[in-house]
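Now for the letters of each chain:
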Amino acid sequence: MGHVNHSVASDFILVGLFSHSGSHQLLFFLVAAMFLMGLLGNTVLLFLIHVDYRLHTPMYFLLSQLSLFDIGFPLVTIPKMASDFLQGESFISFEGCAAQIFFLTLMGVAEGILLTLMSYDRYVAVCHPLQYPLLMRRQVCLLMVGSSWLAGMLNASVQTSITLHFPYCASRIVDHFFCEVPALLKLSCADTSAYELALSTSGVLILVLPLSLIATSYGYVLGAILRMRSEEARNKAFTTCSSHITAVGLFYGAAVFMYMVPGAYHNPHQDNVLSLFYSLVTPTLNPLIYSLRNREVRMALIKVLSSAGLRVNRKGILPEDQSMDFREGHPSERSPKLGSFEEKKKGEPRARRTRGGLSGLSPSPLADQAGL
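Residues numbered from 1 in each chain as written. Predicted model: local features only at pLDDT ≥ 70, side-chain atom pairs only at ≥ 80, totals over all residues. Heavy atoms only, no water.

**So, the overall build of the chain**
In terms of regular secondary structure, the chain is built from 12 helices and seven strands. Within the span of the chain, comprising 372 residues, buried residues form 41% of the whole. The contacts of the chain with a sequence gap of at least 6 include a subset with a gap of at least 24, amounting to 74%. Total accessible area computed for the chain in this model is approximately 20,300 Å², and 64% of it derives from carbon and sulfur atoms. (Helix = DSSP H or I, 4+ residues; strand = E, 2+ residues; numbered from the N terminus. Buried < 20%, exposed > 50% of the residue type's maximum accessible area, 1.4 Å probe, protein only. Contact = heavy atoms within 4.5 Å. Areas by Shrake-Rupley, 256 points an atom, 1.4 Å probe, with all protein chains shown as cover.)

**Here's the deal with the side chain of Asn286**
Mapped onto the secondary structure, Asn286 falls in helix α9 (residues 268-292). Filtering out sequence-adjacent residues up to four positions away, Asn286 remains in contact with Leu66, Asp70, Glu111 and Ala247.

**What to know about the packing of aromatic side chains**
Each aromatic ring pair is described using two quantities: the centre-to-centre distance and the angle formed by the ring planes. The full count for this structure, using the stated rule, is 12 aromatic pairs. Ring geometry for Phe251 against Tyr252: centres 5.2 Å apart, planes inclined by 90 degrees, an arrangement best described as edge-to-face. A relative accessible area of 3% means that Tyr252 is categorised as buried. One aromatic cluster is present, built from ring pairs that chain together Phe12, Phe94 and Tyr168. (Phe/Tyr/Trp six-rings, centres within 6.5 Å; stacked < 30°, edge-to-face > 60°.)

**Observations concerning the pattern of salt bridges**
Taken as a whole, this structure holds three salt bridges when the rule is applied. Residues Arg54 and Asp52 are paired through a salt bridge, measuring 3.1 Å at the closest nitrogen-oxygen approach. Since its relative accessible area comes to 2%, Asp52 is described here as buried. (Salt bridge = Lys/Arg side-chain N within 4 Å of Asp/Glu carboxyl O.)

**Focus on the sheet that holds strand β3 (residues 173-174)**
Spatially, β2-β1-β3 is the arrangement adopted by the three strands of the open sheet, whose pairing is mixed. Edge positions in the open sheet fall to β2 (91-92) and β3, since each of these has one partner strand only. In this sheet, β2 lies alongside strand β1 (residues 12-14) in antiparallel orientation, the contact comprising two bridges. Bridge pairing in β2 places Phe12 opposite Ile92. (Pairing = 2+ DSSP bridges.)

**Topic: the packing of helix α2 (residues 58-87) against helix α3 (residues 94-127)**
Closest axis-to-axis distance for the α2/α3 pair is 10 Å, and the angle between their directions is 160 degrees. As far as their axial angle goes, α3 and α2 are roughly antiparallel. Here α2 runs over α3; the crossing is left-handed. Across the contact of α2 with α3, the residue classes tally to 16 nonpolar, five polar and five charged. (Axes fitted to C-alpha atoms, helices over the stretch in contact; angles between N-to-C directions. Parallel < 35°, antiparallel > 145°, perpendicular 65-115°, else oblique. Left-handed = near helix turned anticlockwise from the far one by under 90°. Nonpolar A, V, L, I, M, F, W, Y, C, P; charged D, E, K, R; others polar.)

**Remarks on the environment of Leu115**
Tracing the backbone shows Leu115 in helix α3. The class for Leu115 is buried, based on a relative accessible area of 0%. With 52 residues separating them along the chain, Leu115 and Leu63 place their C-alpha atoms 9.1 Å apart. In contact with Leu115, other than residues within four places in its own chain, are Leu66, Ile214, His244, Val248, Phe251 and Tyr252.

**Things to note about the confidence of the model for the chain**
Summarising the model, the chain shows a mean pLDDT of 77, and 75% of its residues fall at 70 or more. Here residues 1-8 scores under 50 on pLDDT; set against residues more than four positions off or in separate chains, the count is 11 contacts. When the criterion is pLDDT under 50, residues 314-365 qualifies, and its contacts beyond four places in sequence or with other chains add up to 41 contacts. (pLDDT = per-residue confidence, 0-100.)

**A look at the nonpolar core**
Judged by nonpolar contacts, the single largest core of 60 residues is most densely connected at Leu63, Leu115 and Met118. Contributions of two or more residues to this core are made by α1 (24-51), α2, α3, α5 (138-163), α7 (193-226), α8 (231-260), α9 and α10 (295-307). Per-element tally for this core: the top contributor is α3, with 11 residues. Residues contacting Leu63, with those up to four places away along its chain left out, are Leu45, Ile49, Met118 and Tyr290. Of all hydrophobic cores here, the second largest spans 18 residues; its members include Leu14, Ile101, Cys179 and Tyr195. (Core = buried A, V, L, I, M, F, W, Y, C linked by side-chain atoms within 4.5 Å.)

**Quick look at the packing of α2 against α5**
For the pair α2 and α5, interaxial distance at closest approach is 10 Å and the crossing angle is 20 degrees. One finds that α2 runs roughly parallel with respect to α5. Seen along the crossing, α2 lies across α5 with a hand that is right-handed. Residue-level inspection shows Pro58, Phe61, Leu62, Gln65 and Phe69 of α2 in contact with α5, the latter providing Cys141, Leu142, Val145 and Trp149. Its residues placed into classes, the contact of α2 with α5 shows eight nonpolar, one polar and no charged.

Here you go:
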């Protein structure tokens, strides 16, 4: 570690992630690669949700907000850490430390609430599909997202102001690669035991309560999936919900340990690894989880690539005897010759008219809107 300017008394000194590892450069390039991959993956997912009308549903609207959080989390910590490593300096100003605590707390609390709301979306889609357009209408979705951001801002404002209100008259070396509340409290020369107890108690409300609601929602969802008669619908619902459960496990696993386990059971190396997990690894994996296991996202990506003039050969995505024609908004077979089209048209039975319109011409828009 290089020499640090100690003249500014309000500065904190970040020990850094790489000081706990022997292979500094290898770990640095691994972290940088994951950061770029996560940034690219979440940006692409946001772009696909914006441009493809089939993804303009409540489920993907909530998923777009998750991608925003997954972009913001690494941007708050990783560039600063990389800059310190390359320049050989590791100090951060008091204001910079406050900014890191505020934005990380904001996005952490907001993402936890958002994951809970996403589980409610899946519960309504699977258990109450006929009421889905009403219960998940646009106004409700906007209210959900707005409440998650507001709760995050309120919690971040309180935690940041209280944490930085303590006097830090002892060592100013933060044994962490960014400013986080548990790491800073260890440096205070005042008694912080009451505040640490309050943090653990609030962790029950912020972490355990949403996690309980998520578990309850997916308990009902699992029961409804097992009762489905259609194997195709059952597999699609299970795939969609399992992607979300995986994201929940990755996020909450590390956060519960960091903020609910008392500080006496923590050590700096363990805290660094857990913080890296939920601030970098989870945001990098989320777009892969939701895209690789989601047919609608894969098809939206193929549509964008096709419209850009890139021919997509399938070694697993499309049959070899098919090409993409998205003029009607979905993949179709190669356009047959006019003569064969007329012959096929003559041989097709006329669609039966029902009170609801023409049967057999299109799938239910209700199922599409619910993502099932």
